[in-house]
Amino acid sequence: MMAKDKTIAGAASALNLAWKTINWDQAEKIVRRLQRRIAKATRERHYGKVKALQWLLTHAYSAKLMAVRRVSQNSGGKTPGTDGVVWKTAQDKMKAALSLKRHGYQTKPLKRIYIPKKNTSALRPLSIPSMKCRGMQALHLLAFEPVMEMIADKNAYGFRPKRSTADAIEKCFKALCRKGSAQFILEGDIRACFDKICHSWLLINIVMDKNILEKWLTAGYIDKNVFYPTKIGTPQGSLISPALLNATLSGLEAAVIAASKPKDKVHIGVYADDFIITGVSKEVLEMKIKPVVRAFLLERGLELSEEKTKISHINDGFNFLGFNVRKYGGKLLIKPSEANKKSFLTNIRQIIRKNSSDTTERLITILNPKIRGWANYFRHVVAKEIFSEVDAEIFKSLWKWCKRRHPGKSITWIQKKYFRSEGLQNWIFNTKLPPEDGKPSEYLDLFKARSVKIERHIKIRAAATPYDPTFDEYFKQRANRRNVRETGSVQQLAL
């Protein structure tokens, strides 16, 4: 299969191959088969075989096509790097796929930009690689991710296939919900995690092409036309960085468990560079666990942020990944955090003010994906009441928007123009769409957060990974449950 793959890659007609005619199912099968072989070799600790299979994968034409597709379809695919190149046309993408070669590959400096951090006025640096470098990273990530999945901690959930924040939060619930569960939580935060990872540790311990990895790590960046070399850290904004971070933090769970006893009730949940560790007492977390975490991170060039790392009691609660986890009268409730709710509403109000002169249709089109996305993020926790509060606040902002547009009109006039009733629902912010193809006109309604059904999330099995064929049936069942739930939601909305 790989010989045939290689022949296709060298064919002269490849440049003229239309992007839409590529058999993506076949390409994915070829790549997935190799990835599973890499994962198996990693489990069996045959690292020579791992490297040989990684070489095959990074030279496979199918893998190059998939890498280019991922980069070009990514939300940042329209943002050029320092070379100003963007892959727009099918011909650009085909040429890019054929250009992803190890021989002669040279990295370009990254373009440094700054974006605002959440809930603060501070700025977060992002480093944007060139399209060629992004393509090479996507290609080598296909070969490295199976290795990372085999060595990653079982209760690490960030930037891993088939895992999500919902799994991390459900882990918190299972570790803290019982009457006899741990009462204290160490909220860990790693200082400037991506920026501080030790290059020498990565080059010694990461199982991938060392020459390519070193080129990425030392590429440097350009900020305001000035070049800055990089001697430590992995750039935020690179495709490969999250996987490198997961590999760097693999082993933290084992180190923490080894330093404790069952009676200490120590459990850990990790999402990227944020983690929580439970303990039976403050002393256990302070005297046993914290020194082990510090030593583990120090070996990798990292350190805890003393300002953000703290120990909390479950009755006081703590925030994790936008959720608030707290016991009320002995009962554990997980809700959207107040800070997250305020940040979301602030963003919605800004959008409404910014679009003060736009049509109702455009405003609803902008708001609906944001409201739906935010509500779906929290649909697995105790959020129904907060959803109603959010809907009420959005209604207030929209009412002000309506009154500003029509200062001389009465409340009744505004209500008739912008709101309608249906069944038991009143004050539905909407607009009537023009008829299309002879069909009658339809209403475009503002999405209501409270219309999202609250449903408990089933946490992924700790050892489950899509690169192990023994879990194929398990993931198929999870996918079927998700399809049933989403189909039911669509039908409910239609009704």
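All values reported here derive from a predicted model rather than from experimental measurement.

Peer 1: So what exactly am I meant to see when it comes to the environment of S388 here?
Peer 2: Locating S388 in the fold gives a position in helix α16 (residues 384-405). Overall, S388 belongs to the partly exposed group, its relative accessible area being 32%. It is 26 Å that separates the C-alpha atoms of S388 and E442, two residues lying 54 residues apart in sequence.

Peer 1: For this particular structure, what's the right way to read the sheet that holds strand β4 (residues 221-223)?
Peer 2: Adjacent strands of a sheet form backbone hydrogen bonds with each other and so pair up, either parallel or antiparallel. On the basis of which strands lie adjacent, the open sheet formed by four strands has the order β2-β1-β4-β5 and mixed pairing. Looking at strand neighbours, the two that pair on one side only are β2 (123-128) and β5 (226-228), the edges of this open sheet. Looking at each pair of strands side by side, their axes are set apart by 40° on average, direction ignored. By the bridge criterion, six bridges tie strand β1 (residues 110-116) to β2 in an arrangement that is antiparallel. Directly across from I113, in β2, lies its bridge partner L126.

Peer 1: When you look at helix α13 (residues 282-299) in this model, what are you seeing that I'm missing?
Peer 2: Since one α-helical turn is 3.6 residues long, residues separated by three or four positions face the same way. If you check α13, its first and last C-alpha atoms are 25 Å apart, about what 18 residues at 1.5 Å a residue would give, namely 26 Å. In the structure, α13 departs most strongly from a straight axis at I289, where the bend amounts to approximately 40° and where the proline P291 lies between one and four residues downstream. Those residues of α13 lying buried are V284, L285, I289, K290, V293, F296 and L297. The secondary structure elements touched by the buried residues of α13 are β3 (184-189), α11 (241-249), α12 (252-258), β7 (274-279) and β8 (310-313). Looking one or two places after α13, you find G301, whose phi comes out positive at around 85°.

Peer 1: When you look at the sheet that holds β7 in this model, what are you seeing that I'm missing?
Peer 2: One open sheet holds the four strands; their spatial order is β6-β7-β3-β8, and the pairing between them is antiparallel. The two strands at the open ends of the sheet, each matched to only one other strand, are β6 (267-271) and β8. This sheet shows a mean twist of 20° between the axes of neighbouring strands, independent of strand direction. Here β3 runs beside β8; their pairing, made up of four bridges, is antiparallel. Across the sheet, I185 pairs through a bridge with S312, a residue of β8.

Peer 1: Got a minute to help me understand the nonpolar core in this structure?
Peer 2: It is characteristic of soluble globular proteins that their nonpolar side chains tend to be buried jointly. One finds I277 and F429 to be the most contacted residues of the largest nonpolar core, which totals 128 residues. Among the elements that line this core, the one with the most residues is helix α6 (residues 131-151), at 11 residues. Beyond its immediate stretch of four places on either side in the chain, I277 contacts F184, I185, L186, V256, V266, H267, I268, L285, I289 and V293.

Peer 1: Would you mind going over the pairing of strand β13 (residues 425-432) with me for this structure?
Peer 2: On a regular strand, each side chain points to the face opposite its neighbour's, so the side chains alternate between the two faces of the sheet. Direction of pairing for strand β12 (residues 419-422) relative to β13: antiparallel, over a ladder of three bridges. Each residue of the ladder has a partner; that of E422, found in β13, is Q425. The antiparallel pairing of β12 with β13 creates a hairpin that spans two residues between the two strands, and G423 there sits at a positive phi of about 60°.

Peer 1: Explain the packing of aromatic side chains to me, please; I cannot follow it from the model alone.
Peer 2: Aromatic rings in a pair are described by how distant their centres are and how their planes are angled relative to each other. A complete count under the given rule lists 20 aromatic pairs for this structure. Taken together, the aromatic side chains of F395, W399, W401, Y418, F419, W427 and F429 make up a single cluster linked through ring pairs. One residue, K409, lies across the ring of W413, its end atom 4.9 Å from the ring centre.

Peer 1: What is the right way to read the side chain of S312 from this model?
Peer 2: Structurally, S312 is set in strand β8. Within the structure, S312 has its side chain in polar contact with the side chain of E187 (distance 2.4 Å). The residues contacting S312, other than those within four sequence positions of it, are Q183, F184, I185, E187, G317 and F318.

Peer 1: Where do I start with empty space enclosed by the protein in this structure?
Peer 2: Space left empty within the atom packing is revealed by a probe, the size of a water molecule, rolled over the atoms. Counted according to the given criterion, the structure contains four cavities of 30 Å³ or more. There is about 80 Å³ of room inside the largest cavity. Those elements that provide at least two residues to the lining of the largest cavity are α6, α10 (210-217) and α11. Classifying every residue of the lining of the largest cavity by side-chain character gives nine nonpolar, five polar and one charged. Forming the walls of the second largest cavity are I371, D391, I394, F395, L398, F419, W427, F429, L446, F447 and K448. Mapped by element, the contributors of at least two residues to the lining of the second largest cavity are α16 and β13. The greatest single-element share of the lining of the second largest cavity, amounting to four residues, is contributed by α16. Considered class by class, the residues forming the lining of the second largest cavity number nine nonpolar, no polar and two charged.

Peer 1: Even after reading the chapter, I still don't get the environment of Q137, so can you show me in this structure?
Peer 2: Secondary-structure assignment places Q137 in helix α6. Taking relative accessible area as the criterion, Q137 reaches 4% and is therefore assigned buried. The spatial distance from the C-alpha of Q137 to the C-alpha of I204 is 19 Å, given a sequence separation of 67 residues.

Peer 1: When you look at the confidence of the model for the chain in this model, what are you seeing that I'm missing?
Peer 2: When pLDDT drops low, the exact placement of atoms in the prediction is not to be read closely. On average, residues of the chain carry a pLDDT of 91, and 94% of them reach 70 or more. Confidence, expressed as mean pLDDT per element, reaches its minimum in the chain at helix α1 (residues 2-10) with 45 and its maximum at strand β11 (residues 331-336) with 98.

Peer 1: What is the right way to read a positive patch on the surface from this model?
Peer 2: A cluster of basic residues, R37, K40, R43 and K49, forms a positive patch at the surface. Overall, R43 belongs to the partly exposed group, its relative accessible area being 37%.

Peer 1: Looking at this structure, I do not really get the pattern of salt bridges. What am I missing?
Peer 2: Proximity of charged atoms lets side chains of opposite charge pair with each other. Scanning the entire structure with this criterion turns up 21 salt bridges. The residue R191 makes a salt bridge to E303 at a minimum N-O spacing of 3.4 Å. Residue R191 is found in the loop between β3 and α8 (193-196), and its partner E303 is found in the loop between α13 and β8; the two are separated by 112 residues along the sequence. As a salt-bridge pair, K341 and E389 come within 3.1 Å of each other at their nearest N and O atoms. Of this pair, K341 sits in helix α14 (residues 338-354) while E389 sits in helix α16, placing them 48 residues apart in sequence. Each member of the salt-bridge network shares a partner with another, and the members are E286, K290, R294 and E306.

What counts, and where the lines are drawn
- Residues numbered from 1 in each chain as written.
- Predicted model: local features only at pLDDT ≥ 70, side-chain atom pairs only at ≥ 80, totals over all residues.
- Heavy atoms only, no water.
- Helix = DSSP H or I, 4+ residues; strand = E, 2+ residues; numbered from the N terminus.
- Buried < 20%, exposed > 50% of the residue type's maximum accessible area, 1.4 Å probe, protein only.
- Pairing = 2+ DSSP bridges.
- Axes fitted to C-alpha atoms, helices over the stretch in contact; angles between N-to-C directions.
- Expected span 1.5 Å × (residues − 1).
- Bend = angle between axes of the 7 residues up to and from the residue.
- Contact = heavy atoms within 4.5 Å.
- Core = buried A, V, L, I, M, F, W, Y, C linked by side-chain atoms within 4.5 Å.
- Phe/Tyr/Trp six-rings, centres within 6.5 Å; stacked < 30°, edge-to-face > 60°.
- Lys NZ or Arg CZ within 6 Å of the ring centre and 35° of its normal.
- Polar contact = N/O pair within 3.5 Å; in protein donor to acceptor, adjacent residues only side chain to side chain.
- 1 Å grid on protein atoms, 1.4 Å probe; cavity = no way out; pocket = protein on both sides within 12 Å on 5 of 7 lines; lining within 4 Å.
- Points joined across faces, edges and corners; volume = space filled by probe spheres on them.
- Nonpolar A, V, L, I, M, F, W, Y, C, P; charged D, E, K, R; others polar.
- pLDDT = per-residue confidence, 0-100.
- Patch = residues over 30% accessible without salt bridge, like charges linked within 9 Å, V, L, I, M, F, W, Y side chains within 5 Å.
- Areas by Shrake-Rupley, 256 points an atom, 1.4 Å probe, with all protein chains shown as cover.
- Salt bridge = Lys/Arg side-chain N within 4 Å of Asp/Glu carboxyl O.
- Lys, Arg positive; Asp, Glu negative; His and termini not counted.
- Charge placed at Lys NZ, Arg CZ, Asp CG, Glu CD.

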